[in-house]
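Below, each chain spelled out in residue letters.
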Amino acid sequence: MQGKTAKPGAGASLARIVAASISTACLAFAAYWSIRFAWADLLYRANTPETISRAIKLDPRNARYRAWQAELEEHEGRDPRPALLAASVLNARDSSIWTRLGLEAEIAGDYGRAEKCLLEAARIDRLSGPRTTLMNY
């Protein structure tokens, strides 16, 4: 009775096919997200309210987009605080967001909140910008 033997190299060939498939899937995944983020950045740079909204939909975790959305909303006469709060949650280490939140709170008459936000900005960034704003508060 003769035993059946596998063809030499058949297992290695299957392993190569699996490895190539996994590599292709990983590259496709990375390419998709790279293109998506590049498109969001292109929309952000177009600098209109519509394109900023579309950029935020493509990359909802980008604090820079939310902070710029706040600028545009303020320019249009709307309340920028919700967009600034979203930006501060996404990037709690950006002193310019905390400075803007402090200034918006001061304008709204919420002086306790303004002081907390400006102190946070000065704690994060020890340069003169946040400290000057806090001093002028």
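Values in this document were obtained by computation on a predicted structure and should not be read as measured data.

Student: Got a minute to help me understand the overall build of the protein in this structure?
Tutor: Counting secondary structure elements, the protein contains seven helices and zero strands. For the protein, the sequential pattern of α-helices and β-strands runs α-α-α-α-α-α-α. Relative to a compact globule of 137 residues, whose C-alpha radius of gyration would be 14 Å, the protein shows 25 Å and is clearly more extended. Counting only residues that meet the buried cut, the protein has 28% of its 137 residues in that class.

Student: Before we go on, may I ask you to explain the pattern of salt bridges in this structure?
Tutor: Where charged atoms from two side chains of opposite charge approach closely, those side chains can pair. Here the structure, examined in full by the defined rule, presents nine salt bridges. For glutamate 71, the salt bridge is made with arginine 100, and the minimal N-O distance between the two is 2.3 Å. Here glutamate 71, found in helix 3 (residues 63-75), pairs with arginine 100, found in helix 5 (residues 95-108); they are 29 residues apart in sequence, far enough to count as distant. By relative accessible area, which is 29% here, glutamate 71 ends up partly exposed. Assessed through its relative accessible area of 15%, arginine 100 is described here as buried.

Student: Sorry if this is basic, but what is going on with unusual backbone geometry here?
Tutor: Negative phi values dominate among residues other than glycine, just as trans dominates among peptide bonds. Within the chain, asparagine 47 stands out as a residue other than glycine whose phi angle is a positive 60°. Tracing the backbone shows asparagine 47 in the loop between helix 1 (10-46) and helix 2 (49-58).

Student: Hey, could you run me through the nonpolar core in this one?
Tutor: Counting residues in hydrophobic clusters, the biggest one holds twelve residues: Ala63, Ala67, Ala70, Ala83, Leu84, Ala87, Ile97, Trp98, Leu101, Cys117, Ala121 and Ile124. Elements represented by at least two residues in this core include exactly helix 3, helix 4 (81-90), helix 5 and helix 6 (111-124). What alanine 87 contacts, discounting residues up to four positions off in sequence, is Ala63, Arg66, Ala67 and Ile97. Listed in part, the eight residues of the second largest apolar core include Ala40, Ile52, Ala55 and Leu72.

Student: Please explain the side chain of aspartate 59 as it appears in this structure.
Tutor: Its location among the elements puts aspartate 59 in the loop between helix 2 and helix 3. Although aspartate 59 is buried, it forms no salt bridge, and the closest oppositely charged side chain is arginine 64 at an N-O distance of 6.7 Å. Aspartate 59 has contacts with Phe37, Ala40 and Tyr65, leaving out every residue within four places of it along the chain.

Student: Can you walk me through a nonpolar patch on the surface in this structure?
Tutor: A grouping of Leu14, Val18 and Ile22 is seen on the molecular surface, where their side chains present a nonpolar patch of about 280 Å² in accessible area. Position of leucine 14 relative to the elements: it lies in helix 1. We classify leucine 14 as exposed; its relative accessible area is 53%.

Student: Would you take a moment to explain the packing of aromatic side chains for this structure?
Tutor: Within a pair of aromatic rings, the relevant descriptors are the distance that separates the centres and the angle that separates the planes. Tallied over the entire structure, the rule returns four aromatic pairs. Taking the centre distance of 5.6 Å and the plane angle of 45° together, the rings of tryptophan 33 and phenylalanine 37 count as tilted. Here tryptophan 33 and its partner phenylalanine 37 are both found in helix 1, four residues apart, which amounts to about one turn of the helix. Three or more aromatic residues joined by ring pairs form one cluster here, namely Phe29, Tyr32, Trp33 and Phe37.

Student: How do you make sense of helix 5 when you look at a structure like this?
Tutor: Two residues of an α-helix separated by three or four positions point the same way, owing to the 3.6 residues in each turn. The terminal C-alpha atoms of helix 5 lie 20 Å apart, and with 14 residues this matches the ideal 20 Å at 1.5 Å per residue to within 8%. Close packing links the buried residues of helix 5 with helix 3, helix 4, helix 6 and helix 7 (128-136). Among the residues trailing helix 5, glycine 109 stands out with phi positive, at a value near 85°.

Rules used in this analysis
Residues numbered from 1 in each chain as written. Predicted model: local features only at pLDDT ≥ 70, side-chain atom pairs only at ≥ 80, totals over all residues. Heavy atoms only, no water. Helix = DSSP H or I, 4+ residues; strand = E, 2+ residues; numbered from the N terminus. Rg over C-alpha atoms; globule rule 2.2 N^0.38 Å. Buried < 20%, exposed > 50% of the residue type's maximum accessible area, 1.4 Å probe, protein only. Salt bridge = Lys/Arg side-chain N within 4 Å of Asp/Glu carboxyl O. Core = buried A, V, L, I, M, F, W, Y, C linked by side-chain atoms within 4.5 Å. Contact = heavy atoms within 4.5 Å. Lys, Arg positive; Asp, Glu negative; His and termini not counted. Patch = residues over 30% accessible without salt bridge, like charges linked within 9 Å, V, L, I, M, F, W, Y side chains within 5 Å. Areas by Shrake-Rupley, 256 points an atom, 1.4 Å probe, with all protein chains shown as cover. Phe/Tyr/Trp six-rings, centres within 6.5 Å; stacked < 30°, edge-to-face > 60°. Expected span 1.5 Å × (residues − 1).

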